[in-house]
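Chain residues, written in single-letter form:
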Amino acid sequence: MRIISKTQTSASIFTQSWSKTSKGFSLVTLLCACQSATAGVPVRALSGEIPHSKHIELPDKPVVYQVFTRLFGNKNSNNQPWGTIEENGVGKFSDFDDIALKSIQSLGVTHIWYTGVPHHALIRDYSRYGISNDDPDVVKGRAGSPYAVKDYYNVNPDLADDPANRLNEFKALIERTHQHGIKVIIDIVPNHVARRYESTSMPAGIENFGAHDNTQVEYANNNHFYYVTDASFQVPDLSNSKPLNGETHPLSDGQFDEFPAKWTGNGSRLAKPDANDWYETVKINYGVKPDGSHDFPTLPKEYAKLDASAHYLFWQGIDEARLPDSWVKFKQITDFWLSIGVDGFRYDMAEMVPVAFWSYLNSNIKQINPDAFLLAEVYNPALFRDYIHLGKMDYLYDKVDLYDTLKAIIQGKQSTSAIETDRLKVADIASHMVHFLENHDEQRIASPEFAGDPFAALPAMVVSASISKAPTLIYFGQEVGEDGSENPGFGAPSRTSIFDYIGVPAHQRFMNGGKFDGGQSTKGELALRDYYARLLNLSHTAPALLGEYYDLDTVNRVHRSENLSQAHRQANQIGQANSDSDSDYDYDYDEMTFAFARFNQEQQLVIVSNFSRTRSKAFTLKLPADLIAQWRVKSGHYPLKDLLAEPLNQPLKGLKTLDLVIDGAGSGWIDIQLKPLESKILSLRPESYQWL
């Protein structure tokens, strides 16, 4: 939730059946550097039976599809700044029907992260349903921030066809999602709640946050909030920005009744927070005193080596009266969502909550559902290992290293050599680091502020999806090149607004009125989605991507002069060395190329990417003898099949192939030619294997 200030079908399901030899494994080579295609592929109607299973068997390398639930199904394209639901429309749970879910499934998706489900503060009158009206002075935008939760025991009424039945409508969506073999993730935001948290849906025996707080003191162990004891809350000065853009509203008067003032969600202790503070939220107290010291039982460091069951037993041995009451309240909240079928949680700003709490909460969740998917927003690399090993998180964002580096490479600001540097930083926890190029906090790839062209990021997607065992996350609309260029109101262009009622044009074109057949999409948008579907399905069906990693980048940088001379020989052979197009080629492994190998006993892969938008590459990629020895393949020439060719099941015969050459000394090489942003996924023909 880093960006909360204004200033701040079709498609066929692409799967690959991996060949096996009598020795039980195949050699497959992926040479990936993504193709800037402009031609689309026909989009066919989605059909087929829905799988029914209470226990969903999923791949070990998940693909997470984040949808902003309020926006996904919205078919209104008006996009008036600060528009109401009547003007701009809103998506509903019911928009995720079988056709929509089949379309998502066709991308290879294993989990849907439904963003913005818990009931958060918003500007719309639902008083006839027993819901209090929210004050625009402490709500960001008209639709509100999904990270200012108002009621943890119900869902956003905007998302329901019948707000009175809204929770049951979400339960039905959970069931539909499960019927398609996909698991459900929602947000939990333990660090803060809406300025006026007011649950009207709590189960019996549960009370609202702050109901019994001692407001005479700044801090008390069992207070849910921190207090500025001698002052009332004051609405921040919003400069030129006014709530609802200055529209008249009975509650919009520059005032909000809160005495004593509470600390703001980002930790501001001012009664009058800054406009860039998270002023629409209040911070939860987890037993961290104002001086930063802890007021709760210490989790022994040796528990970093123990599993969630051991953590659960540790906390079972602690008298619950010794724990801050906020810990218990969030255990009750997650228990509730698990009980209605949610399969996991994405934790907003998890690093602002102490690690010991996460051990307590997550070990309880794993006791209920050992397969629960737990993803945390943590940006401080110094904390990664504690939140994984002590906090029992399954996954963290790989944002400050890999994402930031890939973005800089796409923008031409950094060398691809930085990728290997980043990989080594988290090599011991690589399987826990979720890879992504978009989410609700980040700029859209296609926006001018990021890349200006969605195809420019495809080499980065290949690297991101295949460099480790970790899950891959994409944001809805990314697969069709959404650019986030709308002027929605509170939100600003480059990111699809999470604060406003808005349409998402490229996604709407593919949605085509609910048909999800790409009927209004451009050829480029269809080609892009086709590529994402192929890559993402491949990412969790290729066995080698759960195997070992081998650094080919370093060795090929060391041998650049040899690569250059062999590439020139290759160019002469194909008649390019003296051609007019020779100036368009770089005959070396350079700062815009990146290569690595992934392998296990079943499969071996080599992945090569060209990040250049304008320069083709022709060079000889070297595979060291120690890598070939681990693959146990004899010397010889091995033809390679492009797995990204259309159609996927096309036989090798008739396709143009490259060769993997292994010499008598056991070293290997592949003569590579890559167009700007071109991709190839090449597989060795099974009948040509020669095993040692």
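Structure's up top.
The shown structure was predicted, so the numbers you read here are calculated from the model rather than taken from an experiment.

Caption draft 1: Seen up close, the overall build of the protein chain. Counting its regular elements, the protein chain contains 16 helices and 24 strands. When the accessible area of the protein chain is evaluated, it comes to approximately 25,300 Å², of which 47% is carbon and sulfur surface.

Caption draft 2: Region of interest: the packing of helix α5 (residues 308-316) against helix α7 (residues 355-368). Remark: α5 packs on α7, axes separated minimally by 8 Å, with the N-to-C direction vectors making an angle of 110 degrees. When the interaxial angle is binned, α5 and α7 end up roughly perpendicular. Of the two possible hands of crossing, α5 and α7 adopt the one that is left-handed. Contact with α5, carried on its side by Ala-308, His-311, Tyr-312 and Trp-315, involves Ala-356, Ser-359, Tyr-360, Ser-363, Asn-364, Lys-366 and Gln-367 of α7 and no other residues of that element. Of the residues that constitute the contact of α5 with α7, the class distribution is 5 nonpolar, 5 polar and 1 charged.

Caption draft 3: Molecular detail of the side chain of His-224. Assignment of secondary structure puts His-224 in the loop between β7 (192-194) and β8 (227-228). We classify His-224 as buried; its relative accessible area is 5%. Ignoring any residue separated from it by four or fewer positions in sequence, one finds His-224 in contact with Asn-208, Phe-209, Gly-210, Asp-213, Lys-283, Ile-284, Asn-285, Asp-325, Ser-326 and Lys-329.

Caption draft 4: How the structure looks around the pattern of salt bridges. For the structure on display, the rule yields 26 salt bridges. Note that Glu-377 is salt-bridged to Arg-346, the shortest N-O span being 3.1 Å. Of the two residues, Glu-377 is situated in the loop between β12 (373-376) and α8 (384-390) and Arg-346 in strand β11 (residues 344-347); the sequence distance between them amounts to 31 residues. For Arg-557, the salt bridge is made with Glu-591, and the minimal N-O distance between the two is 3.3 Å. Of this pair, Arg-557 sits in helix α14 (residues 553-558) while Glu-591 sits in the loop between β17 (585-586) and β18 (593-599), and the two are 34 residues apart along the sequence. Through salt bridges with shared partners, a single network forms among Asp-187, Arg-346, Asp-348 and Glu-377.

Caption draft 5: Representation of the nonpolar core. Of all hydrophobic cores here, the largest spans 187 residues; its most connected members are Tyr-152, Phe-170, Trp-337, Phe-345, Tyr-347 and Leu-621. Tallying contributions element by element places helix α13 (residues 523-539) first for this core, with 9 residues. Not counting the four nearest positions on each side in its chain, Leu-621 is found in contact with Leu-552, Asn-556, Tyr-589, Ala-595, Val-606, Val-608, Gly-668, Trp-669, Ile-670 and Ile-672. The next biggest cluster of nonpolar side chains, apart from the first, holds 7 residues, and it includes Leu-122, Ile-131, Ala-143 and Tyr-501.

Caption draft 6: Representation of the sheet that holds strand β3 (residues 111-115) in the model. Pairing is parallel in the closed barrel, where 8 strands are placed in the order β2-β3-β6-β11-β12-β13-β14-β15. Pairs of neighbouring strands in the sheet enclose a mean axial angle of 30 degrees, with direction left out of account. Note that strand β2 (residues 63-68) and β3 share 5 bridges and pair parallel. Residue Phe-68 lies in a different strand from β3, and its bridge partner there is Thr-115. Across the sheet, α7 lies against β11 and β12, angled at about 160 degrees from β11, the strand it touches most.

Caption draft 7: Structural context of the side chain of Glu-438. Along the chain, Glu-438 falls in the loop between β14 (433-436) and α11 (458-466). A polar contact is formed between the side chain of Glu-438 and the side chain of Arg-444, at a distance of 2.7 Å. Polar side-chain contacts of Glu-438 include one of 2.7 Å to the backbone nitrogen of Ile-445. Residues in contact with Glu-438, not counting those within four places in the same chain, are Gln-443, Arg-444, Ile-445, Leu-473, Ile-474, Tyr-475, Gln-478 and Glu-482.

Caption draft 8: Structural detail: the packing of aromatic side chains. Taken as a whole and assessed by the stated rule, the structure comprises 41 aromatic pairs. Seen in terms of ring centroids, Phe-599 and Trp-631 are 6.4 Å apart; in terms of plane orientation they differ by 70 degrees. Their pairing is edge-to-face. Of the two residues, Phe-599 is situated in strand β18 and Trp-631 in helix α16 (residues 625-631); the sequence distance between them amounts to 32 residues. By the burial criterion, Phe-599 is buried, and Trp-631 matches it. Sitting above the plane of the Phe-209 ring, Lys-329 keeps its charged end 5.3 Å from the centroid. The ring of Phe-450 carries Lys-407 above its face, with NZ or CZ at 5.0 Å from the centroid.

Caption draft 9: Local environment of the packing of helix α6 (residues 325-339) against α7. Put simply, α6 and α7 touch, their axes get as near as 10 Å, and they point 25 degrees apart. Taken together, the axis directions place α6 and α7 in an arrangement best described as roughly parallel. α7 is crossed by α6, and the crossing has right-handed handedness. Where α6 approaches α7, its residues Trp-327, Val-328, Phe-330, Lys-331, Thr-334, Asp-335 and Leu-338 are matched on the opposing element by Ala-356, Phe-357, Tyr-360, Leu-361, Asn-364, Ile-365 and Ile-368.

Caption draft 10: Main features of the sheet that holds strand β16 (residues 548-551). Reading across the sheet, the 3 strands line up as β16-β18-β19 and stay open at both edges, with antiparallel pairing between neighbours. The sheet is open, and its two edges are formed by β16 and β19 (604-610), each paired on a single side. Put simply, the sheet's adjacent strands are angled 25 degrees from each other on average, direction ignored. Examined bridge by bridge, β16 and β18 share 4 bridges and lie antiparallel to one another. Residue pairing in the sheet places Asp-551 in a bridge with Phe-596 of β18. Across the face of the sheet, α11 comes into contact with β18 and β19 while running at roughly 150 degrees to β19.

Conventions adopted
- Residues numbered from 1 in each chain as written.
- Predicted model: local features only at pLDDT ≥ 70, side-chain atom pairs only at ≥ 80, totals over all residues.
- Heavy atoms only, no water.
- Helix = DSSP H or I, 4+ residues; strand = E, 2+ residues; numbered from the N terminus.
- Areas by Shrake-Rupley, 256 points an atom, 1.4 Å probe, with all protein chains shown as cover.
- Axes fitted to C-alpha atoms, helices over the stretch in contact; angles between N-to-C directions.
- Parallel < 35°, antiparallel > 145°, perpendicular 65-115°, else oblique.
- Left-handed = near helix turned anticlockwise from the far one by under 90°.
- Contact = heavy atoms within 4.5 Å.
- Nonpolar A, V, L, I, M, F, W, Y, C, P; charged D, E, K, R; others polar.
- Buried < 20%, exposed > 50% of the residue type's maximum accessible area, 1.4 Å probe, protein only.
- Salt bridge = Lys/Arg side-chain N within 4 Å of Asp/Glu carboxyl O.
- Core = buried A, V, L, I, M, F, W, Y, C linked by side-chain atoms within 4.5 Å.
- Pairing = 2+ DSSP bridges.
- Polar contact = N/O pair within 3.5 Å; in protein donor to acceptor, adjacent residues only side chain to side chain.
- Phe/Tyr/Trp six-rings, centres within 6.5 Å; stacked < 30°, edge-to-face > 60°.
- Lys NZ or Arg CZ within 6 Å of the ring centre and 35° of its normal.

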